[in-house]
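Next come the chains, spelled out residue by residue.
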Amino acid sequence: MAILKIARMGNKLLLQKALPVDDPLGSEVRDLVYSMVETMGDAPGIGLAAPQVHVPLRIIVFYVPEDRSEGTGDVPLTVLINPSIEYLSTDMEDGVEGCLSVPGMQGIVPRYKHITYKGTQLDGSLVQREATGYHARVVQHEYDHLDGILYPMRIGDMSKFGFSEEFERNIEAAK
Ligand code: NI
């Protein structure tokens, strides 16, 4: 395991479509996933996609802590290799997002409210879940990384994008 260097916005690798993993049970994949989890914990963050650590493969790791789950329940650390997403309705909602590849910034991003997703886990088994709210948001954000999309590219109104410290100042001022 190792803490890996995280690519930041502007790095071309973050704009590429990642490639499917041929052998999810391979030892290289396992080592990469362990290092991704360690890197995510160190950052700290709640999600990470392989292209963010300079590996153009379709692998994401994430979890949702109880206090960020918006009442839908926490989600344990999840590894998805070759994931896919289906949208269960066309309803979208705005929510705040940040990204380890866009440090110090945050934005308000529209995401689908209700999805199902599936992917292969490290033991080769398939995980399939229905997700709403913040859980669905995290999965869509991480999945986007596999298609070369960073969350600022999803923000239509750039007044909804800026430095986290400034947003926090606004919130303080509003109290
Ligand atoms: Ni991200």
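Our structure is the block above this text.
Cut-off values and rules
- Starting from 1, residues in each chain are numbered consecutively following that chain's sequence as written.
- A pLDDT threshold of at least 70 governs which residues receive local features in this predicted model, and a stricter bar of 80 or more applies before side-chain atom pairs are shown or counted, although totals over entire chains, interfaces and linings include all residues.
- Side-chain metrics rest on all non-hydrogen atoms present in the structure, leaving aside hydrogens and water.
- Helix and strand assignments follow DSSP, with helices taken as H or I runs no shorter than four residues and strands as E runs no shorter than two, numbered in order from the N terminus.
- Throughout this description, the term salt bridge denotes a Lys or Arg side-chain nitrogen within 4 Å of a carboxyl oxygen of Asp or Glu.
- Only protein chains enter the accessibility calculation, which uses a 1.4 Å probe. A residue is then buried if its area is under 20% of the maximum for its type, exposed if over 50%, and partly exposed in between.
- Only nitrogen, oxygen and sulfur atoms count as donors, using a 2.8 Å cut-off from the metal that widens to 3.2 Å for Na, K and Ca. Water is left out, so coordination shells may look unfilled.
- To estimate the expected span of a helix, subtract one from its residue number and multiply by 1.5 Å.
- In protein, a polar contact requires one atom able to donate a hydrogen and another able to accept it; more generally it is a pair of N or O atoms within 3.5 Å, and residues adjacent in sequence count only if both atoms are side-chain atoms.
- By nonpolar core is meant a set of buried Ala, Val, Leu, Ile, Met, Phe, Trp, Tyr and Cys residues that side-chain atoms within 4.5 Å join together.
- Throughout, a residue-residue contact means that at least one pair of heavy atoms, one from each residue, lies within 4.5 Å.

Asks: Requested: an account of unusual backbone geometry, with residues and values cited.
Replies: Keep in mind that most residues, glycine aside, have a negative phi and that most peptide bonds are trans. Proline 44 follows alanine 43 through a cis peptide bond whose omega is -10°. When you line up the elements, proline 44 lands in the loop between helix H1 (27-42) and strand S1 (47-49).

Asks: Report on the pattern of salt bridges, specifying residues and quantitative values.
Replies: Applying the stated criterion to the full structure yields 9 salt bridges. A salt bridge links arginine 111 to aspartate 144; the shortest N-O distance between them is 2.8 Å. Placement of the pair is arginine 111 in strand S5 (residues 105-112) and aspartate 144 in helix H2 (residues 133-146), with a sequence separation of 33 residues. Exposure class is identical for arginine 111 and aspartate 144. Each is buried. Close ionic contact of arginine 154 with aspartate 144 constitutes a salt bridge, the shortest N to O distance being 2.8 Å. Of this pair, arginine 154 sits in the loop between H2 and strand S8 (161-163) while aspartate 144 sits in helix H2, and the two are 10 residues apart along the sequence. The exposure class assigned to arginine 154 is partly exposed, which follows from its relative accessible area of 37%. By relative accessible area, which is 6% here, aspartate 144 ends up buried. Each of Glu97, Arg111, Arg137, Asp144 and Arg154 takes part in one network of salt bridges that share partners.

Asks: Break down the coordination of the nickel ion for me, citing the residues and quoting the values.
Replies: Those protein atoms acting as donors to the nickel ion are Cys99 (SG), His141 (NE2) and His145 (NE2), and they sit at 2.1 to 2.2 Å. Within one chain, the residues serving as donors to the nickel ion are arranged as C-x41-H-x3-H. Remark: histidine 145 occurs in helix H2 and cysteine 99 occurs in the loop between strand S4 (92-97) and S5; sequence separation between them is 46 residues. Across this residue pair, the class does not change: cysteine 99 and histidine 145 are buried.

Asks: Which residues make up H2, and what values go with them?
Replies: For H2, which comprises 14 residues, the first-to-last C-alpha distance of 21 Å matches the rise-based estimate of 20 Å (1.5 Å per residue) to within 8%. Burial analysis of H2 places 14 of its 14 residues in the buried class, which makes it a mostly covered element. After H2 finishes, the residue glycine 148 shows a positive phi value of roughly 75°.

Asks: Outline the side chain of arginine 111, listing residues and values.
Replies: Of the residues examined, arginine 111 reaches a relative accessible area of 3% and is grouped as buried. A polar contact is formed between the side chain of arginine 111 and the side chain of aspartate 144, at a distance of 2.8 Å.

Asks: Give a description of the nonpolar core that names residues and reports values.
Replies: By size, the foremost hydrophobic cluster in this structure holds 19 residues, and its most contacted members are Phe62, Ile115 and Tyr117. At the level of secondary structure, the elements contributing two or more residues to this core comprise strand S2 (59-64), strand S3 (75-87), strand S6 (114-120), strand S7 (126-132) and H2. It is H2 that provides the largest number of residues to this core, a total of 6 residues. The residues contacting tyrosine 117, other than those within four sequence positions of it, are Phe62, Leu80, Ser84, Ile85, Val127, Gln128, Arg129, Ala131, His135 and Val139. By size, the runner-up hydrophobic cluster in this structure holds 13 residues, among which are Val33, Ala50, Val53 and Val79.

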